Amino acid sequence: MKSQSETATQAMYAQTYRSMDPAKAGAILSKLSVKQAAKYINYLDDKTKAAILETMDPEKAAELTKLLEAKLPNTNTTESAGTSASTATTSAP
């Protein structure tokens, strides 16, 4: 079982990847082990996961895809709140 500290750290890294250009995030995640990259990418929303995966080497992306976890649409996580906030910000006139 993950400690709260470990979970918080992984969530912080994921937020950093979410804020980055997908190609740059993909390049960094490509240098990690598939297992480690999956830990970080699984904290991301599905749209961000897809944007990052499409920039990665197809073989690495395929291996990583096997370890992806689906996000439920109505979860009460900070990720969902951050995604909603960014969506609201980007759709504002």
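- Looking at an unreviewed UniProt entry, one finds the protein chain named Magnesium transporter MgtE intracellular domain-containing protein, with Sporolactobacillus inulinus as its source organism.

1. Observations concerning the pattern of salt bridges
Part 1 of the argument: For the structure on display, the rule yields 3 salt bridges.
Part 2 of the argument: For lysine 49, the salt bridge goes to aspartate 46, with nearest N and O atoms at 3.6 Å. You can see lysine 49 and its partner aspartate 46 sitting in helix H4 (residues 46–53), 3 residues apart, about one turn around the helix.
Part 3 of the argument: Between glutamate 63 and lysine 66 there is a salt bridge; the shortest N-O distance is 3.1 Å.
Part 4 of the argument: For lysine 66, a relative accessible area of 62% puts it in the exposed group.

Rules used throughout
- Residues numbered from 1 in each chain as written.
- Predicted model: local features only at pLDDT ≥ 70, side-chain atom pairs only at ≥ 80, totals over all residues.
- Heavy atoms only, no water.
- Salt bridge = Lys/Arg side-chain N within 4 Å of Asp/Glu carboxyl O.
- Helix = DSSP H or I, 4+ residues; strand = E, 2+ residues; numbered from the N terminus.
- Buried < 20%, exposed > 50% of the residue type's maximum accessible area, 1.4 Å probe, protein only.

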